[in-house]
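# Breakdown of the fold
Listed here are the chains, written in short residue letters.
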Amino acid sequence: MSGSERDGPDRETAYAKINLALHVRRRLPDGYHELETIFAFLDQGDRISVRPGEGISLQIDGPFADGLSATDNLVIQAADRLAQHADMKRGARLHLDKQLPVASGIGGGSADAAATLRLLNRFWGLGLSPEELAVVARPLGADVPACVASKTCRGTGIGQDLEPIVDDDLRGTDALLVNPLVPVSTADIFAAWDGVDRGALSGGPLIASARKGRNDLQDPAVALVSELTAVLQALENCRPVLARMSGSGATCFALFDSTAEARKAESHCRKTMDRIWTMIGKIR
């Protein structure tokens, strides 16, 4: 069942994010980096639900709940920011079903925050537009505004200047995510980037632009996480439309022409590697 089929007035999917390409152009004085990226989102992810309550609280469970704080969490920060923005006095008892690995380059925390904004906007009857929610989201993290929309788009600046992609020739494409269950530090991966600007993303059709692109953080991540070499090689051996690492890793993705091919590739990866997490979904 896709995320959209599970969503309703009191629940929302935090869609997994992938970077079809990620070009790092330069390091900025404030510590961020100037980027050019193509965001895409799967129809699968974490799940957020809400019930009436006093104040704002969070309960977390699911396969990747261990070690997560229910108080120092982007879900709580997003809820607090939205309540303050809207001068909302009603509370919310939030529940996070953590299906995505933590620190894995597929927007887990950012997607959770964005889903919380969408969910509470509905639950509290605020009627804010996606553009207004994106403004609320900006201080929460570089990827959060893109995750609010959860639609294929180009991102520039630090990833928050977004341009929708009208000619989306990848919608409905089957995607396989593979993670070696090794959490990585985004700060460490960016610190390992060599600082070389290798050029801008090309324009044109989405899939062609993505194929011509690259992930400038992939080589630094492979140097720090040796398990990525086996993941990327296993995916390439399945002859995908495109295979690459997402974000700062360690999740890698491969796009296929059919669900059957994606499932066959998943089986191949599980036979090839002992300890991995996988997920199959479609590009929204």
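Scoring rules and cut-offs
- Residues numbered from 1 in each chain as written.
- Predicted model: local features only at pLDDT ≥ 70, side-chain atom pairs only at ≥ 80, totals over all residues.
- Heavy atoms only, no water.
- Helix = DSSP H or I, 4+ residues; strand = E, 2+ residues; numbered from the N terminus.
- Rg over C-alpha atoms; globule rule 2.2 N^0.38 Å.
- Contact = heavy atoms within 4.5 Å.
- Core = buried A, V, L, I, M, F, W, Y, C linked by side-chain atoms within 4.5 Å.
- Buried < 20%, exposed > 50% of the residue type's maximum accessible area, 1.4 Å probe, protein only.
- Polar contact = N/O pair within 3.5 Å; in protein donor to acceptor, adjacent residues only side chain to side chain.
- Phe/Tyr/Trp six-rings, centres within 6.5 Å; stacked < 30°, edge-to-face > 60°.
- Lys NZ or Arg CZ within 6 Å of the ring centre and 35° of its normal.
- Expected span 1.5 Å × (residues − 1).
- Pairing = 2+ DSSP bridges.
- Axes fitted to C-alpha atoms, helices over the stretch in contact; angles between N-to-C directions.
- Parallel < 35°, antiparallel > 145°, perpendicular 65-115°, else oblique.
- Left-handed = near helix turned anticlockwise from the far one by under 90°.
- Nonpolar A, V, L, I, M, F, W, Y, C, P; charged D, E, K, R; others polar.

## Some details on the overall build of the chain
Within the chain one finds 10 helices and 10 strands. The C-alpha atoms of the chain give 18 Å as radius of gyration, which agrees with the globular expectation for 284 residues (19 Å, within 12%). With respect to the principal axes defined by its C-alpha atoms, the chain has extents near 55 × 40 × 35 Å. The contacts of the chain with a sequence gap of at least 6 include a subset with a gap of at least 24, amounting to 75%.

## A short note on the environment of leucine 181
Tracing the backbone through its elements, the reader meets leucine 181 in the loop between strand E7 (174-179) and helix H6 (186-192). Along the primary structure leucine 181 and proline 63 are separated by 118 residues, whereas in three dimensions their C-alpha atoms are 12 Å apart. Residue contacts for leucine 181: discarding those within four places in its chain leaves Phe64, Arg275, Ile276 and Trp277.

## Comments concerning the nonpolar core
In terms of nonpolar packing, the biggest core is built from 38 residues, with Leu94, Leu117, Leu120 and Trp124 touching the most fellow members. Sorting elements by how many residues they give to this core places helix H3 (residues 108-123) first, with eight residues. Of all hydrophobic cores here, the second largest spans 29 residues; its members include Val178, Val184, Trp193 and Ile276.

## A few points about the side chain of asparagine 215
Of note, asparagine 215 is situated in the loop between helix H7 (206-212) and helix H8 (218-224). On the accessibility criterion, asparagine 215 (8% relative accessible area) is buried. Polar side-chain contacts of asparagine 215 include one of 2.8 Å to the backbone nitrogen of leucine 217. A distance of 3.0 Å separates a polar atom in the side chain of asparagine 215 from the backbone oxygen of glycine 247. Sequence-distant contacts of asparagine 215, defined by excluding residues within four places in its chain, comprise Leu22, Arg244, Met245, Ser246 and Gly247.

## A few points about the packing of aromatic side chains
Counted by the stated rule, this structure contains one aromatic pair. Its guanidinium or amino end placed over the ring of phenylalanine 123, arginine 90 lies 5.3 Å from that ring's centre, counting from NZ or CZ. Between the NZ or CZ atom of arginine 284 and the centre of the ring of tyrosine 15, over which it lies, the distance is 3.8 Å.

## Quick word on helix H2 (residues 74-86)
Under the 1.5 Å per step criterion, the end-to-end length of H2 is 18 Å for 13 residues, consistent within 8% with the ideal 18 Å. Among the structural elements, strand E2 (33-51), strand E3 (56-61), strand E4 (92-97), H3 and helix H4 (130-137) are those in contact with the buried residues of H2. Just beyond H2, the residue with positive phi is aspartate 87, at close to 55°.

## Re the sheet that holds strand E9 (residues 252-256)
Here four strands make up an open sheet; going across it, the order is E8-E9-E7-E10 and the pairing antiparallel. Two strands close off the open sheet at either side, each with one partner strand: strand E8 (242-245) and strand E10 (277-282). Strand after strand, the sheet turns through a mean of 15° between neighbouring axes, direction not considered. Pairing analysis gives four bridges linking E8 to E9, with the strands arranged antiparallel. Following the sheet pairing, arginine 244 is matched in E9 by phenylalanine 253. Lying over the sheet, helix H9 (residues 227-236) contacts E7, E8 and E9, oriented at roughly 0° with respect to E9.

## Comments concerning the packing of H3 against H4
Where H3 contacts H4, the axes come no closer than 10 Å and their chain directions differ by 130°. Relative to H4, H3 is oriented oblique. Note on packing geometry: the crossing formed by H3 with H4 is right-handed. Contact residues: Leu117, Arg118 and Asn121 in H3; Leu133, Val136 and Ala137 in H4. Residues belonging to the contact of H3 with H4 are distributed by class as follows: four nonpolar, one polar and one charged.

## Brief notes about the packing of H2 against H3
Packing of H2 against H3 brings their axes to within 8 Å, and their N-to-C directions diverge by 35°. Of the two elements, H2 crosses H3, and the hand of that crossing is right-handed. Contacts between H2 and H3 pair Leu74, Val75, Ala78, Ala79 and Leu82 from the former with Gly109, Ser110, Asp112, Ala113, Thr116, Leu117, Leu120 and Asn121 from the latter. Its residues assigned to classes, the contact of H2 with H3 comprises eight nonpolar, four polar and one charged.

## Some words on unusual backbone geometry
A cis amide bond links glycine 249 with the next residue in sequence, alanine 250, at an omega value of 10°. Checked against the element boundaries, alanine 250 lands in the loop between E8 and E9. Positive phi outside glycine occurs at serine 150, with the angle close to 50°. Looking at where serine 150 falls in the secondary structure, it is placed in the loop between helix H5 (144-149) and strand E5 (153-156). Located in the positive-phi region is leucine 181, a residue other than glycine, with phi close to 60°.

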